[in-house]
Amino acid sequence: MKFVRILSGYNHLWAVKDDEKETDELSLLFRQWSNFDYLLDFFFANLDDLQGFFHIEKVSDAIRDTMEDAEELERLILDFPHTEQLDGLFRPLSLSDNRAHEMTREKARNWERKRHSSWLRIYAIRIEPNVYIVTGGAIKLTATMQERMHTQQELDKLNVCRDFLIQNGVFDQDSFIDFFEED
């Protein structure tokens, strides 16, 4: 498993980089969420969830909402001063993650979104306060991640990354930087 630093010179935001993919997971998400054809295919394939859970009838509305939300979420996660306060953007994925303090599974979204709740999710492992490794993300149109294959895959990626880090002796930012520099 490889990792890339998202902002040069800063050690608080990282992303998984699969050798099979051209870019890291965070960059890939924002590319997908601004790609009309990708979104068109996704929302037609998940139309029942879109209409049933969010009560949005038109795919064109969903695409517009996604592109607007993605732009705002990208600003929230990458622009200063937000990137120095990622703990305000990321929240524990579950109650079990809420009890732990480090190496937790976290999710980020635009928590202040108007019109309807954001369905965009960025998933990450929290190494320590304000230090995150993005493992992926999804358009989540259901109540739980286990309900759809694309969100279950993101949950699996979170778990694999956390297990990998623990198995390689990562428990805080310093141990992660040591691991990263050895790799």
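Shown above is the structure to which this text applies.
Residues numbered from 1 in each chain as written. Predicted model: local features only at pLDDT ≥ 70, side-chain atom pairs only at ≥ 80, totals over all residues. Heavy atoms only, no water.

### Some points on the nonpolar core
Part 1: Within the largest apolar cluster, 31 residues are counted, with the highest numbers of intra-cluster contacts made by Trp-33, Phe-43, Ile-77, Phe-90, Trp-119, Ile-122 and Ile-139.
Part 2: Of all the elements in the fold, those that place two or more residues in this core are strand E2 (13-17), helix H1 (25-32), helix H2 (36-45), helix H3 (47-54), helix H4 (59-78), strand E5 (120-128) and strand E6 (131-139).
Part 3: With seven residues, the single largest contributor to this core is H4.
Part 4: With near-sequence residues (within four places) excluded, Ile-139 lies in contact with Trp-33, Leu-39, Phe-42, Phe-43, Thr-66, Trp-119, Leu-120, His-150 and Thr-151.
Part 5: The next biggest cluster of nonpolar side chains, apart from the first, holds 20 residues, and it includes Trp-14, Ile-125, Val-131 and Leu-165. (Core = buried A, V, L, I, M, F, W, Y, C linked by side-chain atoms within 4.5 Å. Buried < 20%, exposed > 50% of the residue type's maximum accessible area, 1.4 Å probe, protein only. Helix = DSSP H or I, 4+ residues; strand = E, 2+ residues; numbered from the N terminus. Contact = heavy atoms within 4.5 Å.)

### A closer look at the packing of H2 against H4
Part 1: One way to put it is that H2 packs onto H4 with a least axis distance of 10 Å and a crossing angle of 130°. Here H4 runs oblique to H2, going by the angle between their axes. Two packed elements cross with a definite hand, and for H2 against H4 that hand is right-handed. Of the residues in H4, those touching H2 at Phe-36, Leu-39, Leu-40, Phe-43 and Phe-44 are Val-59, Ala-62, Ile-63, Thr-66 and Met-67.
Part 2: Per-class residue counts for the contact of H2 with H4 are nine nonpolar, one polar and no charged. (Axes fitted to C-alpha atoms, helices over the stretch in contact; angles between N-to-C directions. Parallel < 35°, antiparallel > 145°, perpendicular 65-115°, else oblique. Left-handed = near helix turned anticlockwise from the far one by under 90°. Nonpolar A, V, L, I, M, F, W, Y, C, P; charged D, E, K, R; others polar.)

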